[in-house]
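Residue strings, one per chain:
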Amino acid sequence: MTSRSAPDSFRILVVDDERLICELVESLFEGAGVEVEVAGSAAEALERAGKNRPDLILLDVVLPGLNGLAICQLLRMRPQLHDVPIYMLTARARAQDHADSARAGATGHIEKPFRGNELSEIVARHRAR
């Protein structure tokens with residue numbers, strides 16, 4: 001499911017196999033000039049990011065097949081995506097998990113369950129750039 005808005009809108013790619021998480025992000029930004037596209041697997045994430053460059057990627061760590069850390073590394077290897085902010089969206093909250101995210105090339109780490117205002121602040125910060 002994709003929320004469509006103006007062509008110059010801010011685009012978020014949510015990569016999560018939990019449909020509820022995707023729906024929460026979509027509803028959070030509905031009508032806010034933010035386009036939310038979702039992917040539930042590594043292959044889908046890589047395809048969607050390549051077709052329509054997002055302005056921000058929210059990437060779950062635990063996914064079927066390739067995990068989010070590996071996907072993050074693959075996205076960082078693509079020249080057109082090297083500067084796109086990638087936030088790992090995960091229930092893993094140990095210091096080692098944060099370090100693993102940074103090592104994979106993630107911009108940040110958002111812990112589940114996340115707060116809507118936390119995500120809104122991240123979007124506003126990157127949208128202002």
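Residues numbered from 1 in each chain as written. Predicted model: local features only at pLDDT ≥ 70, side-chain atom pairs only at ≥ 80, totals over all residues. Heavy atoms only, no water.

### Quick look at the state of the cysteines
For step 1, the next point in the chain: Throughout the structure, instances matching the rule amount to zero disulfides.
For step 2, the next point in the chain: Here cysteine 22 stays unpaired: no disulfide links it, and the sulfur of cysteine 72, its closest cysteine neighbor, is 17 Å away.
For step 3, the next point in the chain: When its relative accessible area of 2% is taken as the criterion, cysteine 22 is described as buried. (Disulfide = S-S within 2.5 Å. Buried < 20%, exposed > 50% of the residue type's maximum accessible area, 1.4 Å probe, protein only.)

### Quick word on the pattern of salt bridges
For step 1, the next point in the chain: Across all of its chains, the model carries eleven salt bridges by this definition.
For step 2, the next point in the chain: Here glutamate 18 makes a salt bridge to lysine 112, at a shortest N to O gap of 3.5 Å. Of this pair, glutamate 18 sits in the loop between strand E1 (10-15) and helix H1 (19-29) while lysine 112 sits in the loop between strand E5 (108-111) and helix H5 (116-127); the two residues are 94 residues apart in sequence, bridging distant segments of the chain.
For step 3, the next point in the chain: Using a relative accessible area of 41% as the deciding quantity, one classes glutamate 18 as partly exposed. (Salt bridge = Lys/Arg side-chain N within 4 Å of Asp/Glu carboxyl O. Helix = DSSP H or I, 4+ residues; strand = E, 2+ residues; numbered from the N terminus.)

### As for the environment of leucine 119
For step 1, the next point in the chain: Structurally, leucine 119 can be placed in helix H5.
For step 2, the next point in the chain: Expressed as a C-alpha distance, the spacing of leucine 119 and leucine 28, which sit 91 residues apart in the sequence, is 8.9 Å.
For step 3, the next point in the chain: Not counting residues within four places of it along the chain, the set of residues in contact with leucine 119 comprises Val25, Leu28, Phe29, Leu58, Ile110 and Phe114. (Contact = heavy atoms within 4.5 Å.)

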